[in-house]
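Notes for the structure review
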Amino acid sequence: MEGLSVYLKGLQKETLTAVNELPYANARYDQATDCFYFDIMFDPADCIVIDSQTKENTTTLEIMVIGKNGKAAYTSFLDLEVNGSRIQYVGNRSGEDFPE
């Protein structure tokens, strides 16, 4: 929560933590660790990690997204910062789209 305060000035903590009361929310707040956990994928697709690269403490996963029709739809890259057993989301970007 403390880390979010830089980006969400003036927003009340209670507004954010209310996400736990929503049955289909894409995030959860863990009071014990004072952290928010977000779903990475928001659609009915399957993901396969097809490659990974590590530079310094950042690991990039290349992910193939399989649509609900069972066909490869696109690739994306997920960047994670790894420090011991702690893994933190850094960002993601689009890769190649596959023709239908």
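Above this text sits the structure in question.
All of the points below concern the structure found in this document. No experiment lies behind these values; they were computed from the predicted model shown. Counting of residues starts from 1 at the beginning of each chain's written sequence and follows it residue by residue. Totals for whole chains, interfaces and linings use all residues, but because this is a predicted model, local features are given only for residues with pLDDT of at least 70 and pairs of side-chain atoms are given and counted only at 80 or more. Where side-chain values are given, they derive from all heavy atoms of the structure, hydrogens and water being excluded.

**Remarks on the overall build of the protein chain**
In DSSP terms, a helix is any run of H or I states spanning at least four residues, a strand is any run of E spanning at least two, and both are numbered starting from the N terminus. Of the regular secondary structure elements, the protein chain holds 1 helix and 6 strands. In the protein chain, buried positions account for 22% of the 100 residues. Any two residues having at least one pair of non-hydrogen atoms within 4.5 Å are treated as being in contact. By sequence separation, contacts in the protein chain at least 24 residues apart represent 14% of the contacts at least 6 residues apart. In short, Shrake-Rupley with a 1.4 Å probe defines the accessible areas, and a residue's cover is counted only from the protein chains shown. Working note: accessible area of the protein chain is about 7,900 Å², and carbon and sulfur atoms make up 52% of it. Exposed residues in this analysis have more than 50% of their type's maximum accessible area, buried residues have under 20%, and partly exposed residues fall in between, with area computed by a 1.4 Å probe over protein chains only.

**Points about the pairing of strand 6 (residues 86-97)**
Across 9 bridges, strand 5 (residues 72-83) lies against strand 6 in antiparallel orientation. Looking at strand 6, one finds that Val 82 is bridged to Ile 87. Here the rule is simple: two strands pair whenever DSSP picks up at least two bridges between them.

**Some thoughts on the pattern of salt bridges**
Whenever a carboxyl oxygen of Asp or Glu lies within 4 Å of a side-chain nitrogen of Lys or Arg, that contact is scored as a salt bridge. Overall, the coordinates contain 1 salt bridge when judged by the stated rule. A salt bridge links Asp 79 to Arg 93, with the nearest nitrogen and oxygen atoms 2.8 Å apart. Taken as a pair, Asp 79 in strand 5 and Arg 93 in strand 6 lie far apart in primary sequence, 14 residues in all.

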